[in-house]
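Architecture and fold: a report
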Amino acid sequence: MLEAPFLQAISVTKTYSGAEASGIKNISLDIEPGKITAIIGQSGSGKSTLLRLLYGLMSPDEGTVNFKGERIWGPEEKLIPGHDAMKMVTQHTNDLNLFARVWDNVSAMLPSTNVKLKEEKTEEILTQLNMIQLAKQRVADLSGGEKQRVAIARAIITRPEVLLLDEPFNQVDASFREGLQHDIRQIVKETGLTVVMVSHDPAEVLSMADKLVVLNNGEIVEAGHPKSLYQNPLNLYTAELLTNCNVLNAGEARLCGIQTHKEYVVVYPEWIRINKVLRTSNWRVQQVLFKGFYEDLILENNGVLLRVVNDESGKYNEDDVVSLNIKKWLEY
Ligand code: ADP
Ligand code: MG
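Residues numbered from 1 in each chain as written. Chains lettered and ligands numbered in written order. Predicted model: local features only at pLDDT ≥ 70, side-chain atom pairs only at ≥ 80, totals over all residues. Heavy atoms only, no water.

**Let's talk about the sheet that holds strand β4 (residues 62–67)**
Strand order across the open sheet formed by four strands is β2-β1-β4-β5, with antiparallel pairing between neighbours. Edge positions in the sheet fall to β2 (22–31) and β5 (70–71), since each has one partner strand and no second. Here seven bridges tie strand β1 (residues 7–16) to β2, and the two strands are oriented antiparallel to one another. The residue of β2 that forms the bridge with Q8 is D30. Here helix α1 (residues 47–55) sits on the sheet in contact with β1, β2 and β4, set at roughly 125° to β1. (Pairing = 2+ DSSP bridges. Helix = DSSP H or I, 4+ residues; strand = E, 2+ residues; numbered from the N terminus. Contact = heavy atoms within 4.5 Å. Axes fitted to C-alpha atoms, helices over the stretch in contact; angles between N-to-C directions.)

**A few points about the packing of aromatic side chains**
The tally for this structure, following the rule as stated, stands at four aromatic pairs. Arranged with centres 3.9 Å apart and planes meeting at 10°, the rings of Y268 and W271 form a pair that is stacked. This pair shows no difference in class: Y268 is buried, exactly as W271 is. Ring pairs connect the aromatic residues Y230, Y268 and W271, which therefore count as one cluster. (Phe/Tyr/Trp six-rings, centres within 6.5 Å; stacked < 30°, edge-to-face > 60°. Buried < 20%, exposed > 50% of the residue type's maximum accessible area, 1.4 Å probe, protein only.)

**So, the site of ligand 1**
Around ligand 1, the neighbouring residues are Y16, S22, G23, Q42, S43, G44, S45, G46, K47, S48 and T49. Residue S45 places a main-chain N or O atom 3.2 Å away from an oxygen atom belonging to ligand 1. For ligand 1, the accessible surface in isolation is 560 Å², of which the surrounding protein chains cover 59%. (Near = heavy atom within 4 Å. Polar contact = N/O pair within 3.5 Å; in protein donor to acceptor, adjacent residues only side chain to side chain. Areas by Shrake-Rupley, 256 points an atom, 1.4 Å probe, with all protein chains shown as cover.)

**A few points about the nonpolar core**
V102, I152, L165, I184, V195 and L299 are the most contacted members of the largest nonpolar core, which has 71 residues in total. Ranked by the residues each element gives to this core, the list is headed by helix α4 (residues 144–157), at seven residues. Each of domain 1 (7–241) and domain 2 (248–331) gives at least three residues to this core. Among all residues touching L165, those that are not within four sequence positions of it are L51, V89, I152, I184, V195, V196, M197 and V198. (Core = buried A, V, L, I, M, F, W, Y, C linked by side-chain atoms within 4.5 Å. Domains from an automatic or database assignment.)

**Quick notes on the domain arrangement of the chain**
Each assigned domain of the chain is listed with its residue range as follows: domain 1 (7–241) and domain 2 (248–331). Between domain 1 and domain 2, the C-alpha centre-to-centre distance is 38 Å. Buried surface at the junction of domain 1 and domain 2, both sides included, amounts to about 530 Å², of which 54% is carbon and sulfur. Summed over the three residues of domain 1 that lose the most area to domain 2, namely Y230, Q231 and L236, the buried surface amounts to 69% of that side. Taken together, domain 1 and domain 2 are joined by zero salt bridges. Inspection of the domain 1/domain 2 interface yields three residue pairs in polar contact (both at pLDDT 80 or more). Every element with two or more residues in the side of domain 1 that touches domain 2 is listed here: α7 (226–231) and α8 (236–242). For the side of domain 1 that touches domain 2, a count of residues per class yields four nonpolar, two polar and no charged. (Buried area = accessible area lost by both parts, 1.4 Å probe. Salt bridge = Lys/Arg side-chain N within 4 Å of Asp/Glu carboxyl O. Nonpolar A, V, L, I, M, F, W, Y, C, P; charged D, E, K, R; others polar.)

**Re the packing of helix α3 (residues 115–128) against α4**
The contact between α3 and α4 brings their axes to 10 Å, and the two run at 135°. Regarding the angle of α3 to α4, the classification is oblique. Read as a crossing pair, α3 and α4 show a hand that is right-handed. Between α3 and α4, the contacting residues are K121, T122 and I125 on the first element and A153, I156 and I157 on the second. Its residues assigned to classes, the contact of α3 with α4 shows four nonpolar, one polar and one charged. (Parallel < 35°, antiparallel > 145°, perpendicular 65-115°, else oblique. Left-handed = near helix turned anticlockwise from the far one by under 90°.)

**Topic: the sheet that holds strand β8 (residues 194–198)**
Strand pairing in a sheet is mediated by backbone hydrogen bonds. Such pairs are either parallel or antiparallel. Strand order in the open sheet made by the six strands is β6-β7-β8-β3-β9-β10, with mixed pairing throughout. Of all strands in the sheet, those with a lone pairing partner are β6 (86–90) and β10 (219–224), marking the two edges. Pairwise comparison of adjacent strand axes, ignoring direction, gives a mean angle of 15° for this sheet. Sheet topology places strand β3 (residues 36–40) next to β8; four bridges connect them, and they run parallel. Looking at β8, one finds that I39 is bridged to V198. In the packing of α4 onto the sheet, contacts are made with β6 and β7 (162–166), and the angle to β6 comes to roughly 170°.

Here it is in structure tokens:
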């Protein structure tokens, strides 16, 4: 017999009534087990709505969500909303006991029927999430990022099959976020946990996700592997979500030596090579933005601005005249 799909949305629609109808429209999506799926899209595109429908916090108006072949019950049909095999963490998750230690907050999620097992599991999860050294601290004394780690530890320790994350790292500073992303990836690899995450941080989804799903206006506009979506997005919208790219109209593109019949040309900053020239060129370095191990150069030509990545820091100065060599571009 064919195995039922793991977690699946079939033609799911959910409309909120208001001044303008909004929500999600006719979404079909297969979540692959043991992988990280990231849902990305502008604010208001329906990401949280989709996540809540997958979890069963809401019922669809049309269509169904199935987990292993069984329909997920909505809040009207279930005393405690949310599927038992899943856990969800958002930036608003605040079920922590601030005055208890980290250890007790996490271990409290397990039954006390087997105290030894409870201790082992707590130690294991705190180690996996790199916070065994915080075990004895009160949650109230932790940083925002550390608190989010505790929330995630509490969610994972019960071994859910699916972990749903709705922008949980928003309040977490960048350096901290990267460690947490790495640890979650590692847990997915080691335990086969399935993760569905919502994020609007391109660096985060590109490095974490096995699959990206792009939502615009409540609809899926494209989906695929992060690398292929990044290199060849079907939509201008996706390119703009994933990169800080240059978007030029046809006239502006001509200044870069690109002829097009389409409306827009997109050039990523790393697709442009430049050279200092003595002879006249119309491109001039307007700004050098120091980024640490590289620079972003803003070039200017007749009011058109172009962002270029330069990995030879210090080579260019403001007002240098440069020539362009554009290796690749996309047309929309
Ligand atoms: P995202 O998470 O991508 O920012 P949401 O799923 O939260 O988007 O919202 C999608 C759209 O539905 C938005 O236009 C939002 O204003 C609207 N919306 C979300 N929740 C509600 C609600 N409870 N009532 C009315 N409109 C809502
Ligand atoms: Mg949201």
